[in-house]
Amino acid sequence: MGKSKKNGWYNIMRVGTAVALSFLIAAIIITLVADDPGKAIQNFFLGALSTRRNVSKVIVDLIPLVFSGMAINVMHKSGLFSMSADSSLYLSAVVSALIAIGMPLPAGVHQIVIIVAGTVVGGLVSLIPVLLKRATGANELVVSLMMNYVAFNLGYWIIRNTYIDTNNGSYSISFQETATLGTLIPQTSIHYGLILMIAAVVVMWLVMNRSRYGRELSITGSNAAFAKYAGIPVGGVIAASQLIGGMLAGLGGSIHMIGAYTKFEWNVAPSYVWDGILINLLAGKKVRNIPLAAFFLAYIRVGANVMSRNAKVATELVAIIQGLVILLIASERFLYGLKKRMEEREALSNAAVAER
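Residues numbered from 1 in each chain as written. Predicted model: local features only at pLDDT ≥ 70, side-chain atom pairs only at ≥ 80, totals over all residues. Heavy atoms only, no water.

### Thoughts on the overall build of the protein
Thought 1: If you tally the helices and strands in the protein, you get 14 helices and zero strands.
Thought 2: The C-alpha radius of gyration of the protein comes to 22 Å, within 12% of the 21 Å expected for a compact globule of 356 residues.
Thought 3: Seen through its principal axes, the protein has C-alpha atoms that stretch 80 × 60 × 35 Å.
Thought 4: Out of the 356 residues in the protein, the part that is buried amounts to 45%.
Thought 5: Intrachain contacts of the protein at a sequence separation of at least 6 include 77% that bridge at least 24 residues.
Thought 6: Carbon and sulfur atoms provide 64% of the accessible area of the protein, an area that totals close to 17,800 Å².
Thought 7: Side-chain charges of the protein comprise 29 positive and 16 negative groups, with the mean position of each set lying 7 Å from the other. (Helix = DSSP H or I, 4+ residues; strand = E, 2+ residues; numbered from the N terminus. Rg over C-alpha atoms; globule rule 2.2 N^0.38 Å. Buried < 20%, exposed > 50% of the residue type's maximum accessible area, 1.4 Å probe, protein only. Contact = heavy atoms within 4.5 Å. Areas by Shrake-Rupley, 256 points an atom, 1.4 Å probe, with all protein chains shown as cover. Lys, Arg positive; Asp, Glu negative; His and termini not counted. Charge placed at Lys NZ, Arg CZ, Asp CG, Glu CD.)

Shown next as structure tokens:
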């Protein structure tokens, strides 16, 4: 077995163990707090499959999570730890809502204009931290985190002062019918954004694994000094990664806004960037695994909601699971002893073969 294959199995084992431990801790917590632990655990693990509506909910929630995971994947692969995906996603959703309400266009054209505008806005927003870093030396993590607060308050202020529904005071007025994405599967809430998501995953897999840019990005993220020595335009590669990541987040925000909603309802700050980090870690930083990791997160969230409705256990349990998985996977020492023993056995085996 080659070294890369062994590392692949080791990573799968680490992720699987982290998820299993997190579920075990969640089950213990449910047992302690639920009036009927058996029913609560059943709802948590199987609730997402209990009705057609719940299955549809998993698929619809999966779509923005996949875009968030891909955005984080390409942005962090450059070695720049920006968290601007939330800004890109939220502001693109705001722009999408504004166009969906205030710009009358024919069906087909309307959706395309919205998605293109949201994608462009998302890309431009995510360029801000890297441009500020280059111009002033400001840390991209701090800038992007602060940007997320600014983006949320700015975006919601724009909605409040333009198209807020005065009857409820929290949501906007309804989108024009020509703006929303249609239903892909009848009698469900699954919309055509699912097809766009699948296409985006295929494109990003090709970009990251079969293009010159993907190779340059991988080298730059691994060793910027070596990349510079090899003649790779490091600054351009990093800036492009932030632009592409922001465009992916913006695309996801637009698709989710006009696919899952008929009015702007995001009156609390989103946290898709943290979801994206978890999904990227679960996927082993591989684009092809991101849909599966996103499905896992969407599945347990819907299950938690079912459990909360039927067994009155708080949905915040998912946040505990999410935090534990990130903590365990990000811990370099987690299961490191197992890897070390595997490497030692292999070294001894090779030495024995060499002595013969």
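### What to know about helix α8 (residues 212-222)
Thought 1: Of all the positions in α8, only Tyr-213, Gly-214, Glu-216, Leu-217 and Thr-220 are classed as buried. Axial view of α8: buried residues confined to an arc of 165°, hence all on one face. α8 presents Arg-212, Arg-215 and Ser-222 as exposed residues on the side facing more than 90 degrees away from its buried surface.
Thought 2: Contacts from the buried residues of α8 go to α3 (52-76), α7 (193-210), α9 (224-229) and α10 (234-260). (Arc of directions from axis to C-beta.)

### Side note on the side chain of Ser-144
Thought 1: For Ser-144, the position within the fold is in helix α6 (residues 140-160).
Thought 2: Judged by its relative accessible area of 0%, Ser-144 is buried.
Thought 3: Setting aside anything within four residues of it in sequence, one finds Ser-144 in contact with Ser-82, Met-83, Ser-84, Ser-87 and Pro-129.

### Points about the nonpolar core
Thought 1: Counting residues in hydrophobic clusters, the biggest one holds 92 residues, and the most contacted among them are Phe-44, Phe-67, Met-70, Phe-264 and Ile-300.
Thought 2: Discounting chain neighbours no more than four positions away, the residues touching Met-70 are Ala-200, Val-201, Met-204, Leu-248, Val-287 and Ile-290.
Thought 3: Membership of the second largest hydrophobic core comes to five residues, among which are Leu-91, Val-125, Val-143 and Met-147. (Core = buried A, V, L, I, M, F, W, Y, C linked by side-chain atoms within 4.5 Å.)

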